Structures are given as C-alpha cells and as structure tokens.
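Below are the chains, spelled out letter by letter.
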Amino acid sequence: MGAVIPILILNSLNEQLGTVPTYIVAALVPVAWVALDTCFITRRFNFITSYVGAFALLRGLLAFWFVDGIQFALKDSIGSIFTVVVFGLSIRVGKPIMSYFLMQGMNPDSPTQEKALKALLAESKVYRALVKSTKILLIVNLGIGTANFLLNLQIVVADFGTVAFNQQVAQVNTMTQITFTLLEFVAVGMAAVLIRRAMFYYLPQEPGKAHDESDFWDLLNLRDRQQLVATSDHDSG
C-alpha cells in the first residue's frame with residue numbers, strides 16, 4: 001500500500017493539489033505508512049523498526065529537496081546508498097548487520113534463550129554465513145541503486161514542479177517497485193538458506209527426528225544441555 005498509493009497520487013492529483021504539493025504528499029506517504037505501522041499497528045520498537053524508521057525519515061527529509069535531472073536520480077537512489085553504507089560498515093567493524101536482524105526476527109523470549117542464540121551466532125560457520133548474507137544484500141542493493149539511478153536519469157527528464165515530472169517519477173516507480181522488491185526477496189531467501197544451514201550444523205538432532213521436525217528452541221536448549229554435560233565430564237576428568 002505504501003508503494004502503490006504514491007504512484008496513484010503522482011498520476012491523479014496534480015490538477016487538484018498542484019504539482020509540488022502532489023509530489024510532496026506522494027513522497028511522504030511511505031514515511032507516514034512506516035510511522036503508522038510502528039506506532040499504532042505493530043507497536044514494536046526494536047532494531048528492525050529503528051532501521052526502517054531511520055530509512056523512512058531520510059526519505060521524508062529528502063522529499064523537500066526539490067531537484068531534477070542527475071540530482072533527482074541521485075536523491076531517489078539515496079535509500080540504496082544508505083543500505084550499502086550501513087551494511088558495509090557492519091562488515092567492516094566485524095558485526096554483520098544480519099546478526100541483528102536475525103536476533104530480532106528470532107525473538108528470544110528469555111535471557112537464557114538470548115544468550116544461547118548469541119553463542120550459536122558466534123560459531124565460526126554461522127558468523128561466516130552472516131557475513132556472506134550481509135554481502136549478498138549489500139551487492140543486491142548496490143545493483144538496485146545503480147539501476148534506479150540510471151532509470152531516473154533516462155526517464156525523469158522534465159523540470160521539477162511540472163505535471164510531466166510527476167508522471168515520469170510515477171513511471172519509474174511503477175517499473176521498479178515490483179522488480180526491485182522481487183530481487184530483494186530472492187536475496188533475503190538466499191541469505192536465510194545460508195544462515196539456516198550454518199546454524200543447523202551446530203545443532204543436535206532429537207532422537208528419531210530430522211532437524212525440520214524439531215522446534216528450533218528445543219534444539220538450541222538440547223545443545224546447551226549437551227555442552228553442560230560435556231563441560232562437567234571434562235572437569236570431573
């Protein structure tokens with residue numbers, strides 16, 4: 001909804017609102033949608049919502065930077081640049097951002113579960129998978145940002161504040177929303193497979209069950225118990 005409505009606004013409300021107000025309203029709809037979802041629908045404030053909120057705030061502020069031509073192409077690609085920079089810095093400092101997304105997404109409901117999950121994520125194969133998955137999303141967003149920049153540069157050629165400008169922006173948005181979303185979905189799927197395989201490498205199997213048949217937290221708890229027994233036996237010896 002937050003992606004479709006701006007396209008409709010840019011194509012339909014220029015005469016009623018004027019070209020500049022129409023552009024501003026369309027640009028602020030995704031920001032308003034994120035704020036509504038965070039504050040009133042999900043009501044969750046965590047790492048993921050903070051990241052999405054910062055992304056939306058950046059786009060909201062840029063809505064008031066009235067430019068066209070190459071400057072607009074750059075402005076419309078700032079979201080991808082933001083993602084590339086954040087993901088790249090997280091790898092550089094040795095704390096791949098996918099680990100934070102995973103911690104939040106897994107939602108451990110006790111300090112014990114959180115500690116056990118952090119220990120699992122620190123295992124060498126899992127850490128490497130987190131780095132690789134972060135790189136995958138970084139590369140995909142770099143490609144998306146580059147494609148978005150070139151599309152805007154080629155299609156959005158009208159002057160800012162004209163009906164043609166708003167319609168050209170809507171045209172690019174129509175072309176990119178589904179395509180780029182699918183690319184990100186595939187990238188996230190690849191990252192999830194990498195991380196899952198790495199995590200299950202370190203998780204034991206319950207008797208008579210495959211990994212897929214067991215609850216993840218049960219396996220993590222079983223891993224902790226086995227490690228405690230092994231430590232106890234080692235100390236006794």
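Preceding this paragraph is the structure being described.
Conventions we followed
- Residues numbered from 1 in each chain as written.
- Predicted model: local features only at pLDDT ≥ 70, side-chain atom pairs only at ≥ 80, totals over all residues.
- Heavy atoms only, no water.
- Patch = residues over 30% accessible without salt bridge, like charges linked within 9 Å, V, L, I, M, F, W, Y side chains within 5 Å.
- Areas by Shrake-Rupley, 256 points an atom, 1.4 Å probe, with all protein chains shown as cover.
- Salt bridge = Lys/Arg side-chain N within 4 Å of Asp/Glu carboxyl O.
- Lys, Arg positive; Asp, Glu negative; His and termini not counted.
- Charge placed at Lys NZ, Arg CZ, Asp CG, Glu CD.
- Helix = DSSP H or I, 4+ residues; strand = E, 2+ residues; numbered from the N terminus.
- Buried < 20%, exposed > 50% of the residue type's maximum accessible area, 1.4 Å probe, protein only.
- Axes fitted to C-alpha atoms, helices over the stretch in contact; angles between N-to-C directions.
- Left-handed = near helix turned anticlockwise from the far one by under 90°.
- Contact = heavy atoms within 4.5 Å.
- Nonpolar A, V, L, I, M, F, W, Y, C, P; charged D, E, K, R; others polar.
- Phe/Tyr/Trp six-rings, centres within 6.5 Å; stacked < 30°, edge-to-face > 60°.
- Lys NZ or Arg CZ within 6 Å of the ring centre and 35° of its normal.
- Parallel < 35°, antiparallel > 145°, perpendicular 65-115°, else oblique.

Glancing now at a positive patch on the surface. On the surface, K125, R128, K132 and K135 cluster together into a patch of positive charge. With respect to the helices and strands, K135 occurs in helix α9 (residues 124–155).

This brings us to the pattern of salt bridges. This model, assessed by the stated rule, comprises four salt bridges. The closest approach of N and O atoms between E114 and K118, which form a salt bridge, is 3.3 Å. Here E114 and its partner K118 are both found in helix α8 (residues 111–121), four residues apart, which amounts to about one turn of the helix. A residue is classified by how much of its surface remains accessible, and E114, at 33% relative accessible area, is partly exposed. We classify K118 as partly exposed; its relative accessible area is 47%. Salt-bridge contacts for R223 lead to E123; the nearest nitrogen and oxygen are separated by 2.9 Å. Separated by 100 residues along the polypeptide, R223 in helix α11 (residues 216–236) and E123 in the loop between α8 and α9 bring together distant segments of the chain.

With that settled, the discussion passes to the packing of helix α7 (residues 97–106) against α8. It is at 11 Å that the axes of α7 and α8 come closest, and there the two elements cross at 145°. Here α7 runs over α8; the crossing is right-handed. Contacts between α7 and α8 involve S99, L102, M103 and M106 on the former and, on the latter, E114, L117, K118 and L121. Class assignment of the residues belonging to the contact of α7 with α8 gives a composition of five nonpolar, one polar and two charged.

The next point concerns the packing of aromatic side chains. A full pass over the atoms with the stated rule returns nine aromatic pairs. With a centroid separation of 6.3 Å and 40° between ring planes, the pair formed by F87 and F101 is classed as tilted. Taken together, the residues F87 in helix α6 (residues 78–92) and F101 in helix α7 connect sequence positions 14 residues apart. Per residue, the accessibility class of F87 equals that of F101, and both read buried. The positively charged end of K125 is found above the aromatic ring belonging to Y201, 4.9 Å away from the centroid.

All right, on to the packing of α9 against helix α10 (residues 163–201) then. Interhelical geometry of α9 versus α10 gives an angle of 170° and a closest axis separation of 9 Å. Our classification of the angle between α9 and α10 gives roughly antiparallel. Split into classes, the residues belonging to the contact of α9 with α10 amount to 23 nonpolar, seven polar and three charged.

Nonpolar side chains collect at one region of the surface, where L74, I81, V85 and L89 lie side by side and expose about 330 Å² of accessible area between them. The element that contributes the greatest number of residues to the nonpolar patch is α6, accounting for three residues. With respect to the secondary-structure elements, V85 resides in helix α6. Residue V85 is classed as partly exposed on the basis of its relative accessible area, which comes to 44%.

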